[in-house]
Amino acid sequence: MKKNTLVPFFSLILFVSYTPFFAQQQITDITVVEDSEAPIINKHIYGHFAEHLGRCIYGGFYVGEESVIPNTDGVRNDIIAALKDLNIPNLRWPGGCFADTYHWKDGIGPLNERPEIVNTWWGGVTEDNSFGTHNFLNLCEVLEAEPYLSGNVGSGTVQELADWVQYTNFKGTSPMSDLRRENGRDEPWSVKYWGIGNEAWGCGGNMRAEYYADIYRKYATFMSDADMEGGIYKIASGASNDDYEWTETLMKNIPRSMLQGVALHHYSVIDWGAKGSDTEFTEDLYFKTMQESWLMNELIEKHTAIMDKFDPEGKVDLIVDEWGGWYDVQEGTNPSFLYQQNTMRDAMIAGMTLNIFNNHAKRVKMANLAQTVNVLQAVILTEEKGQKMILTPTYHVMHMYKVHQDAKLIPLSFTSPEYTFEGSSLPAISVSASINDDEVVHISITNIDPKKTNTLTLDATSLHIKKIEATVLKSEKLQDHNTFDNPDKIKPTEFKNFQLKKGKLEIDIPPFSVVVLKGSH
Ligand code: AHR
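Calculation rules
- Every chain begins its residue count from 1, and numbering advances along the sequence as written.
- Selection of residues for local features in this predicted model requires a pLDDT of at least 70, selection of side-chain atom pairs for listing and counting requires 80 or more, and totals for whole chains, interfaces and linings are taken over all residues.
- Excluding hydrogens and water, the side-chain values take into account all heavy atoms of the structure.
- Helix and strand definitions follow DSSP, with helices as H or I runs of at least four residues and strands as E runs of at least two, each counted in order from the N terminus.
- For this measure, only C-alpha atoms enter the radius of gyration; the expected value for a globule follows 2.2 Å times N^0.38, where N is the number of residues.
- Partly exposed describes any residue whose relative accessible area lies between the buried limit of under 20% and the exposed limit of over 50%, with all areas from a 1.4 Å probe on protein chains only and scaled to the type maximum.
- Should any heavy atoms of two residues lie within 4.5 Å, those residues are considered in contact.
- Areas reported here follow the Shrake-Rupley algorithm with a probe of radius 1.4 Å; residue values treat only the protein chains shown as occluding.
- In this tally Asp and Glu are treated as negative and Lys and Arg as positive; neither His nor the chain ends contributes.
- A charge is said to be at NZ when it belongs to Lys, at CZ for Arg, at CG for Asp and at CD for Glu.
- Nearness is judged by heavy atoms alone; a residue qualifies as near a molecule or strand once a single heavy atom is within 4 Å of it.
- Any N or O atom pair separated by 3.5 Å or less is treated as a polar contact, with the protein-specific requirement of one donor-capable and one acceptor-capable atom, and with residues adjacent in sequence counted only for side-chain atom pairs.
- The set of buried Ala, Val, Leu, Ile, Met, Phe, Trp, Tyr and Cys residues whose side-chain atoms join them within 4.5 Å is what this entry labels a nonpolar core.
- Residue ranges assigned to each domain were obtained from an automatic or database domain assignment.
- In short, buried area is how much 1.4 Å probe accessible area vanishes from two parts on joining, totalled over both.
- Every case where a carboxyl oxygen of Asp or Glu lies within 4 Å of a side-chain nitrogen of Lys or Arg is listed as a salt bridge.
- Two strands make a pair as long as DSSP finds a minimum of two bridges between them.
- Axis geometry follows a simple rule: fit a line to the C-alpha atoms, using only the stretch in contact for helices, then measure angles between N-to-C directions, giving values from 0 to 180 degrees.
- Two kinds of site are reported from a 1 Å grid over the protein atoms alone, namely cavities, where a 1.4 Å probe fits but cannot get out, and pockets, open sets with protein on both sides within 12 Å along at least five of seven lines, and residues are called lining when an atom falls within 4 Å of a point.
- Grid points are joined across faces, edges and corners, and a volume is the space filled by probe spheres set on the points.
- Just so you know the grouping, Ala, Val, Leu, Ile, Met, Phe, Trp, Tyr, Cys and Pro go in nonpolar, Asp, Glu, Lys and Arg go in charged, and all remaining residues, Gly too, go in polar.
- The labels follow the angle: roughly parallel below 35 degrees, roughly antiparallel above 145, roughly perpendicular from 65 to 115, and oblique for the rest.
- The sense of a crossing depends on the near helix, which, turned anticlockwise from the far helix by less than a right angle, makes the crossing left-handed and, turned clockwise, makes it right-handed.
- Here, a disulfide means two cysteine sulfur atoms that sit within 2.5 Å of each other.

Student: For this particular structure, what's the right way to read the overall build of the protein chain?
Tutor: When you go through the protein chain residue by residue, the secondary structure sums to nine helices and 28 strands. Computed over its C-alpha atoms, the radius of gyration of the protein chain comes to 23 Å, within 12% of the 24 Å expected for a compact globule of 521 residues. In terms of overall dimensions, the protein chain has C-alpha extents of about 70 × 50 × 45 Å along its principal axes. Each of the 521 residues in the protein chain was classed as buried or not, and the buried ones make up 60%. Partitioning the contacts of the protein chain with sequence separation of at least 6, the portion at a separation of at least 24 is 74%. About 20800 Å² of surface is accessible on the protein chain, with carbon and sulfur atoms providing 49% of the total. Separation of charge centres in the protein chain, based on 46 positive and 70 negative side chains, amounts to 6 Å.

Quick look at the structure:
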């Protein structure tokens, strides 16, 4: 075991150590890498995404002011409270694929004058536009979250998007800011984050990267920076998975001054043709989902390498604005509504992925889990006919990890023990660590191995840690999940399986669990 001889927190040495009782278990050392330029973990990595899709907005967030469910301007108070408790840093809206069909002027003004539209991407359902720009931006204010608006490039116009920026951001007199005032809002909302289209290579218009790069330049030109102190933050519709050529083409053809972020979408889906059940899955399917989730690490590294080539100063950020698990919908629900349950498997995806993002905080500055309520890897599920709401295991992971928001990364180096299944293997352990302004250290650990406990020892002497507290998220079965009848089956509990002796911490990480340690003076 190495001696801790370096200066304060960068001298942290972590060891995931061998437990001698089990001969087959591996020994793994985790060491902190000294790096005086370690990045801050941008809080926006913990962002969310809400699309007009299924029961995310309508029947999820938004129940209308007349609802018997307690609400604020039509948005459920229990959802607001839960998201505030998560310190939700940003919310992306209105899509997704829906964004490139959305004409924002349909969603402002008197309710009875708003047109009914058909949601062509998600089930062909008719919606009445009762949830629009004011509702969303006011909600973000209530949540104290930054709005991230996805502009319509696919079926919209340059003028329409330029007008949206003026409507939301312009202080003075102008056609759009006057219209905003007529609709009851005097002060601009000052929206900083703007996506210029979504999945331009697919539902956003099936464009080629070269063509989209030009289109991007055109739209960006007319979105006024002057309306926003410091300018607006423009995000290009990014690659799907390993489409490195897409990233390369955007980085090559869009001037740095016009581009603040490039997106990336990656879902943990085992097979688009046979995604498998959300709650009934074998270890084979679990392993495949973990493989897909771990791929995020490689994708970020390879897209980052391309960005480094064109932007060595790191001015353009990588924005993973859609990620999460994607399975078959719950039986009996509309296949286009993407409603799925959320099990311990999802907790593993979340714990591992957030560790990956934290450890790549130098380039990854924002991420958005898909999607907040009732869609895909949701943090909140609501009853379709009743009034109940539940928090999912993914919610609890995001809650446990929120301590990393805006804290300084403590880089780690280690070789994880392997989780082996039928001859293939994956790193069983993912870890990330940070130190906040109060010098409190947090270490988040996810053990995806469904059978093995991994033992970790931490030399905490240099951290001057006097007190350690820990929480764990675990359950008996991987398939376990919270239900409306048993909402607290899975929730974080105090974790006591550790010992702090003479500055050395020993901890056992149970199979398929997430543990977060807090070390304070
Ligand atoms: O999140 C669901 C959909 O997945 C989004 O609308 C789209 O951008 C992606 O393909």
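Picking up after the structure, the text goes on.
Student: What should I look at first to understand the side chain of Ser513 in this one?
Tutor: Position of Ser513 relative to the elements: it lies in strand 28 (residues 513–520). By relative accessible area, which is 0% here, Ser513 ends up buried.

Student: Even after reading the chapter, I still don't get the site of the ligand, so can you show me in this structure?
Tutor: Close contacts around the ligand come from 13 residues, with Glu51, Cys97, Glu199, Tyr267 and Glu322 the closest. Measuring from an oxygen atom of the ligand, one finds a side-chain N or O atom of Glu322 at 2.7 Å. Starting from 280 Å² of accessible surface for the ligand in isolation, the protein chains cover 93%.

Student: Just to check I follow, could you spell out the nonpolar core for this structure?
Tutor: Across soluble globular proteins, nonpolar side chains show a tendency to be buried alongside one another. With 149 residues, the main nonpolar core has Phe61, Trp323 and Phe357 as its most contacted residues. Here this core spans two domains, and each of domain 1 (2–38 + 427–520) and domain 2 (43–402) adds at least three residues to it. Aside from chain neighbours lying at most four places away, what touches Phe61 is Ala50, Cys56, Gly74, Val75, Arg76, Ile79, Leu83, Leu91, Leu139, Thr372 and Val373. Counting residues in hydrophobic clusters, the runner-up holds seven residues, among them Tyr148, Tyr233, Ile319 and Met366.

Student: It is not clear to me how the domain arrangement of the protein chain should be interpreted in this structure. Could you clarify?
Tutor: Accessible area lost when the parts come together is the quantity often used to give the size of an interface. Under the domain assignment used here, the protein chain contains domain 1 (2–38 + 427–520) and domain 2 (43–402). The C-alpha-based centres of domain 1 and domain 2 are spaced at 31 Å. Tallying the contact residues gives 34 residues for domain 1 and 32 residues for domain 2. Both faces combined, the contact of domain 1 with domain 2 buries some 2500 Å², and carbon together with sulfur accounts for 68% of it. The interface formed by domain 1 and domain 2 contains two salt bridges. Its salt-bridge partner being Asp485, residue Lys388 comes within 3.6 Å of it at the nearest N-O pair. Summed over the shared surface of domain 1 and domain 2, the result is 15 residue pairs in polar contact (both at pLDDT 80 or more). When residues of the side of domain 1 that touches domain 2 are traced back to their parent elements, those giving at least two are strand 21 (429–435), strand 22 (441–447), strand 24 (467–473) and strand 28.

Student: What is the right way to read the sheet that holds strand 21 from this model?
Tutor: The pairing of strands in a sheet comes from backbone hydrogen bonds and takes either a parallel or an antiparallel form. Strand order in the open sheet formed by six strands is 17-21-22-28-24-25, and the pairing between neighbours is antiparallel. Looking at which strands have only one partner, the edges of the open sheet turn out to be strand 17 (408–410) and strand 25 (493–494). Strand direction decides the pairing type here: strand 21 and strand 22, joined by seven bridges, are antiparallel. Bridging across to strand 22, Ala433 finds its partner in Ile443. Contacts between helix 8 (residues 344–359) and the sheet are confined to strand 17, strand 21, strand 22, strand 24 and strand 28, with strand 21 contributing the most and set at about 50° to the helix.

Student: Honestly, the layout of surface pockets in this entry has me stumped. Any pointers?
Tutor: Here the idea is plain: a probe the size of a water molecule rolls over the atoms and shows the empty space left. Size it by volume and the largest pocket reaches roughly 490 Å³. If you go around the largest pocket, you meet 25 residues; those closest to its centre are Asn297, Glu301, Asn359, His360 and Leu412. Secondary structure elements with two or more residues in the lining of the largest pocket: helix 7 (283–310), helix 8, strand 18 (412–414) and strand 21. It is helix 8 that contributes the most residues to the lining of the largest pocket, four residues altogether. Within the lining of the largest pocket, the residues separate by chemical class into 13 nonpolar, eight polar and four charged. Viewed by domain, the lining of the largest pocket spans two of them, domain 1 (2–38 + 427–520) and domain 2 (43–402), each represented by three or more residues.

Student: I would appreciate a short explanation of the packing of helix 5 (residues 209–222) against helix 6 (residues 244–253) in the present structure.
Tutor: Helix-helix packing: each pair is described by the crossing angle between the helix axes and the interaxial distance. With their axes 9 Å apart at the nearest point, helix 5 and helix 6 run at an angle of 40° to one another. Between helix 5 and helix 6, the angle is such that the two are oblique. Judged by the sense of rotation from one axis to the other, the crossing of helix 5 with helix 6 is right-handed. Across the interface between the two elements, Ala209, Glu210, Tyr212, Ala213 and Arg217 of helix 5 pack against Trp246, Thr249, Leu250 and Asn253 of helix 6.

Student: Just checking my understanding: could you explain the state of the cysteines for this structure?
Tutor: Each disulfide consists of one covalent bond between the sulfur atoms belonging to two cysteines. The final tally for this structure, using the stated rule, is one disulfide. Residue pairing for Cys97: its cysteine sulfur links by disulfide to Cys203, the two sulfurs lying 2.2 Å apart. The sign of the -85° torsion about the S-S bond sets the Cys97-Cys203 disulfide as left-handed. Residue Cys97 is located in the loop between strand 6 (90–93) and strand 7 (117–119), and its partner Cys203 is located in the loop between strand 10 (193–196) and helix 5; the two are separated by 106 residues in the primary sequence. Overall, Cys97 belongs to the buried group, its relative accessible area being 10%. Of the residues examined, Cys203 reaches a relative accessible area of 14% and is grouped as buried. No disulfide involves Cys56; its sulfur sits 12 Å from that of Cys140, the nearest cysteine. Cys140 gets classed as buried once you look at its relative accessible area, which sits at 1%.

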